[in-house]
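Given next are the chains, with one letter for each unit.
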Amino acid sequence: MMSALAPRSAYLHIPFCHRRCFYCDFAVVPLGDRVNAQNGPGSLTIKAYLELILKEIRSSPPGPPLATIYIGGGTPSLLTPDQVRCLLDALADRFGVQRGAEITLEMDPASFSLEELNALVRHGVNRVSLGGQSFDDVVLAGLGRRHRRKDVLEACHWMQRFLQDGRLRSWSLDLIRNLPNQDDEAWADVLTQAVELQPPHLSIYDLSVEPGTVFARREQQGVLMLPDEDGAADRIAFTTQYLSDAGYCRYEISNFSRPGHASRHNRVYWSGAGWWAFGLGATSAPWGERFARPRTREAYAEWLNRQELDGPHSSLLSQSATPLSLEDRLLVGLRCREGVDLQQQAQHCGWTAHRCSLHLPQLAERWEQFLNQGLMERRGGRWRLTDPLGMALSNQILVEVVQWWESLPIHADPPTRTGVLRRPESSPPGVQG
Ligand code: SF4
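Residues numbered from 1 in each chain as written. Predicted model: local features only at pLDDT ≥ 70, side-chain atom pairs only at ≥ 80, totals over all residues.

Tallying secondary structure elements over the protein gives 15 helices and 16 strands in all. Expected size for 433 residues packed as a compact globule is a radius of gyration near 22 Å; at 22 Å, the protein falls within 12% of this value. Its C-alpha atoms give the protein principal-axis dimensions of about 65 × 55 × 45 Å. For the protein, the residues scored as buried account for 44% of the 433 residues in total. Of the contacts formed within the protein by residues at least 6 apart in sequence, a portion of 70% connects residues at least 24 apart. (Helix = DSSP H or I, 4+ residues; strand = E, 2+ residues; numbered from the N terminus. Rg over C-alpha atoms; globule rule 2.2 N^0.38 Å. Buried ≥ 20, exposed ≤ 12 C-beta atoms within 10 Å, placed from the backbone. Contact = placed C-beta atoms within 7 Å.)

What follows is the structure, given as structure tokens:
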């Protein structure tokens with residue numbers, strides 16, 4: 001049985017935001033619009049948290065030098081550049097950082113200055129993921145976002161300038177699609193504006209209404225006007241076509257890039273390799289087994305204290321972690337353009353030829369219907385979702401994987417440590433949303 005490849009990636013979770021957006025159920029701590037990490041409002045909270053995350057990094061089991069680092073949140077650009085440098089230094093001390101490593105920082109428009117961007121780049125950040133979401137002030141206000149159109153445009157122009165003069169290696173713009181009241185024309189307008197700004201990478205997520213959010217409450221009250229399913233699927237198809245014409249490749253369900261700009265950190269996860277993660281709510285899987293840290297500061301601090309006494313969690317140790325299951329490998333692999341080779345994936349999980357011949361045809365049989373419907377295509381042993389149809393309706397196919405997995409006799413794959421089958425994450429490594 002093979003475990004994940006040795007981890008060469010790390011995710012750091014910075015949970016602080018100005019305020020909680022109306023659709024967000026991430027593990028975040030809203031600190032108010034006036035937060036100032038240096039020594040203003042919220043600074044003590046931020047500093048206390050940084051002590052915790054630094055403690056976690058310093059007490060991590062060792063591993064090989066890192067090839068990718070992703071600082072996400074939350075709004076990591078609320079940190080001062082020196083605080084970010086401190087985190088990067090701690091990772092370098094613990095693991096080392098490979099020459100040419102991809103170091104990404106999530107940044108929100110209006111949460112940093114040009115000087116701060118400059119300083120961050122000097123400290124090693126070479127890729128920015130910018131949470132633009134929309135170019136429309138009314139939409140942004142309706143999402144509960146703090147920034148406005150002019151902030152998005154300004155930040156995009158800075159990013160593009162930094163890319164052109166080599167201070168950044170790449171940058172990405174995040175957009176949300178299928179928002180309340182968003183029709184075809186409005187979405188086409190968003191895409192047109194986005195392409196004009198020339199981000200080399202775009203992440204596009206469809207709005208999903210999560211329990212406990214303001215949007216969920218509005219939906220219950222019947223005042224959230226979400227697009228109908230057909231309209232939403234049309235916009236997904238339009239997106240792929242529009243961006244393909246503009247020179248972007250859809251390399252994963254939610255991610256589009258110009259040549260050479262696919263996120264290396266994201267690909268680590270989809271390739272089945274392991275990754276470290278640090279911070280409250282962050283999910284790590286250095287050797288295949290996923291482990292999610294507690295989602296509140298108090299519980300996270302307590303967990304760190306317990307680790308000090310009991311030693312690292314078993315999933316963090318190569319000798320005791322449960323390897324990645326075939327189910328997980330298929331669920332994450334199918335999200336990518338390359339798709340999955342069933343036989344190969346099963347062999348990576350240590351399946352014998354006998355076990356493969358016993359169980360894999362059942363899954364192939366379940367997938368046949370999707371071939372006929374044009375949702376999947378098959379080349380030799382490799383299966384993949386068609387784009388845009390299969391990717392737009394990927395849930396149907398992923399559910400079929402889960403049902404097949406649950407129908408297997410318990411000995412088909414070693415049980416997970418908890419005995420509970422876990423669901424895949426659709427986010428990049430470590431992101432808990
Ligand atoms: S959507 Fe992003 S900025 Fe808004 S609360 Fe969630 S993590 Fe913070």
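This part is about the site of the ligand. All residues adjacent to the ligand are C17, R20, C21, C24, F26, V28, G73, G74, T75, D108 and G131. Of the residues contributing to the shell around the ligand, the split by class is 5 nonpolar, 4 polar and 2 charged. (Near = placed C-beta within 6 Å. Nonpolar A, V, L, I, M, F, W, Y, C, P; charged D, E, K, R; others polar.)

Judged by nonpolar contacts, the single largest core of 102 residues is most densely connected at A10, I69, L91 and M159. Split by domain, the residues of this core number at least three in each of domain 1 (9-270) and domain 2 (326-412). (Core = buried A, V, L, I, M, F, W, Y, C linked by C-beta atoms within 7 Å. Domains from an automatic or database assignment.)

Of all 8 residues that make up strand β4 (residues 66-73), 7 are buried, and the element is covered over most of its length. Where strand β1 (residues 9-14) meets β4, 6 bridges bridge the pair, whose relative direction is parallel. Bridge assignment links Y11 to a residue of β4, and that residue is Y70. With 5 bridges connecting them, β4 and strand β5 (residues 97-107) associate as parallel partners. By the bridge assignment for β5, T68 is matched with E102. What joins β4 to β5 is helix α2 (residues 81-94), and the crossover it makes is right-handed. (Pairing = 2+ DSSP bridges. Right-handed = clockwise from strand over helix to strand, strands pointing away.)

Moving on: the sheet that holds strand β15 (residues 376-379). On the basis of which strands lie adjacent, the open sheet formed by 3 strands has the order β14-β16-β15 and antiparallel pairing. Of all the strands in the sheet, the pair left with one neighbour each is β14 (340-341) and β15. Two strands pair when backbone bridges link them, and β14 and strand β16 (residues 382-385) are joined in this way by 2 bridges, in the antiparallel orientation. Bridging across to β16, D341 finds its partner in R382. In the packing of helix α13 (residues 353-372) onto the sheet, contacts are made with β15 and β16, and the angle to β15 comes to roughly 110 degrees. (Axes fitted to C-alpha atoms, helices over the stretch in contact; angles between N-to-C directions.)

Mapped onto the secondary structure, M225 falls in the loop between α7 (214-220) and α8 (229-245). Once the C-alpha coordinates of M225 and N181 are considered, the two residues, 44 residues apart in sequence, prove to be 5.8 Å apart. Apart from residues no more than four positions distant in its own chain, M225 is found in contact with P180 and N181.

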